[in-house]
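For reference, the chains in residue letters:
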Amino acid sequence: MHHEIRKRGLVFSQINRLGLISLTTNIGLALVTTIWAIYLESILHNISYVGFLTGFYTFIGIFVSVLSVPILEKNSKTKIFSFSLIIFILSYFLFSVVSNLWIVLILGVVIAIFSVIRMNSFGIIIRDKSKDDSVSKNVGLIYTFFNIAWFVGPLIAGFLAEKYGLKVVFIASGLVLLATLILFNLFKIKDNRITKKTDGNFIKLIISFLKNKDRRKIYFLAGGITFWNTLIYVYLPIYIINTTGKDLLVGYFLSATIIPLILLEYYFGKLTGKIGFRKIFVLGYSIMSLAAISSFFIPNLYLILIIITLGGIGMAMLESTTESYFFDIVKKNERDKYYGPYNTTIEVNGLVASVAMAGALLILPFKFIFLVVGAMMLILTLISLRIKNIVEVKRH
């Protein structure tokens, strides 16, 4: 009994340490992400070029998620994560001193590649350090730190950019990530699990991933998060500016949407582990569907922003638990193999969401975007009714 308690304490301690790593890593990344489009526009001098280049980097991310599977399978996850941080640190310091277009474009490709590798290796480390009955709770904790970082990071970036210029933001980010690398090594987190048989046939890998109906369902369900975020981060800021002309209101709104995630994500992660995924998924997507559809019928902008912010309660139920569900339906020896293909849901559904909403705007007034998003959330609610209701505490 004493050994079990001591063992539990070690695992919990490592998850907390990973939470701190998530916090500092994402503060560093959020600093640059906040000013990235502005920086690219200052180099390219054309906002449409920024859009095309961002799309190009997105496509790279999709391919790397699949192509990097053998790397994840046959190498230490902690070494991969550490190496990815080193690449980010060097790249960001270079961004602070160079302004040559081709160097910037090449560094952007490097960042796009290692963004995926960093994210996938860290996600697997979290799962490997979690017991079967605490995956949802632990992933919820990590996402809480993640959201705190994305609340704080843009505020710091805005201050630094306004007072000292964009290049200082890159230096600050590089320093934060350097501190993260040192901290990660001081924590002595190890994940040296490797897979002897690697998967180099990428077409076969994708087909194998899609053959399983449970993996197909969670791929679509996880994509709903990206669909919602496209509304929040792409289209609503444009709507706010066109309606009020107040840049400051955009900042307040985006910060407000993160608050439900910070306050509730860990709680819903724990609750999911106790009652199962189905109820949480159905309720989460129902809340988001109701918020989006209601916004279509409401004429007042400020009331719409309040309702969408409250819709974030549904997001708090889903952001971490969709990833937990994926890890619960795959076997231990399948994590490295399928986590990369699973994570393409972010980029793929980001493109689908952008095309769907842009297509609606070609023929319909702006507010019909709320119906598009609401309809998608409703479809995902129905899919949620058909998933396995895994209850983690019963697996202990």
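Scroll up to find the structure this text is about.
Sequence order as written defines residue numbering, which begins from 1 separately in each chain. Side-chain atom pairs in this predicted model are given and counted only at pLDDT of 80 or more, local residue features only at pLDDT of at least 70, and totals for whole chains, interfaces and linings cover all residues. Think of the side-chain values as coming from all heavy atoms in the structure, minus any hydrogens and water.

### Things to note about the packing of aromatic side chains
Filter applied, for reference: Classification of ring pairs rests on two measures: the distance between centres of Phe, Tyr or Trp rings, Trp counted by its six-membered ring, which must be within 6.5 Å, and the angle between planes, read as stacked under 30 degrees, edge-to-face over 60 and tilted in between. Partly exposed residues are those whose accessible area sits between 20% and 50% of the maximum for their type, while under 20% is buried and over 50% is exposed, using a 1.4 Å probe and protein chains only. Throughout this description, the term charge over a ring refers to an Arg CZ or Lys NZ atom that lies within 6 Å of the ring centre and within 35 degrees of the ring normal.
Scanning all chains against the criterion turns up 31 aromatic pairs. On the numbers, 5.9 Å between centres and 45 degrees between planes, the contact of phenylalanine 56 with tyrosine 57 is tilted. On the accessibility criterion, tyrosine 57 (10% relative accessible area) is buried. Three or more aromatic residues joined by ring pairs make a cluster, and in this case those are Trp36, Tyr39, Phe88, Tyr92, Phe95 and Phe170. Over the ring of tyrosine 338 we find arginine 215; its NZ or CZ atom is 4.1 Å from the centre of that ring.

### Comments concerning a nonpolar patch on the surface
What counts is decided by this rule: What makes a patch is a set of residues exposed beyond 30% relative accessible area and free of salt bridges, joined within 9 Å when like-charged and within 5 Å when nonpolar (Val, Leu, Ile, Met, Phe, Trp, Tyr). Under the convention used here, a 1.4 Å probe and the Shrake-Rupley method define accessible areas, while residue burial counts only the protein chains that appear. Should a side-chain nitrogen of Lys or Arg be within 4 Å of a carboxyl oxygen of Asp or Glu, the pair is scored as a salt bridge. A run of DSSP states H or I qualifies as a helix once it reaches four residues; a run of E qualifies as a strand once it reaches two. Both are numbered from the N-terminal end.
A contiguous nonpolar patch, built from Ile171, Leu175, Leu178, Ile182 and Leu186 and spanning about 450 Å² of accessible area, is present on the exposed surface. For leucine 175, the location among the structural elements is in helix α7 (residues 166-186). Judged by its relative accessible area of 48%, leucine 175 is partly exposed.

### Observations concerning helix α5 (residues 101-128)
To be explicit about the condition: Expected helix span is given by 1.5 Å per residue-to-residue step, counting one fewer step than there are residues. Pairs of N or O atoms within 3.5 Å make up the polar contacts considered here, provided that, within protein, one atom can donate a hydrogen while the other can accept it, and that residues adjacent in sequence are counted only when both atoms are side-chain atoms.
The terminal C-alpha atoms of α5 lie 41 Å apart, and with 28 residues this matches the ideal 40 Å at 1.5 Å per residue to within 8%. Between a side-chain oxygen at the N-terminus of α5 and the backbone nitrogen of tryptophan 102 the separation is 3.0 Å; the capping residue is asparagine 100.

### A look at the pattern of salt bridges
What the rule picks out here adds up to 2 salt bridges. We note a salt bridge from aspartate 128 to arginine 335, for which the minimum N-O separation is 2.5 Å. Residue aspartate 128 is located in helix α5, and its partner arginine 335 is located in helix α14 (residues 335-363); the two are separated by 207 residues in the primary sequence. Residue aspartate 214 pairs with lysine 388 through a salt bridge whose shortest N-O separation is 3.4 Å. A residue pair is termed long-range when its members are at least 10 positions apart, and aspartate 214 in helix α9 (residues 213-244) and lysine 388 in the segment after α15 (368-384) qualify at 174 residues.

### What about the environment of phenylalanine 83?
Within the fold, phenylalanine 83 resides in helix α4 (residues 77-95). Relative accessible area serves as the criterion here: at 45%, phenylalanine 83 is assigned to the partly exposed category. In the structure, phenylalanine 83 is positioned 31 residues away from phenylalanine 114 in sequence and 9.1 Å away in space, judged by C-alpha atoms.

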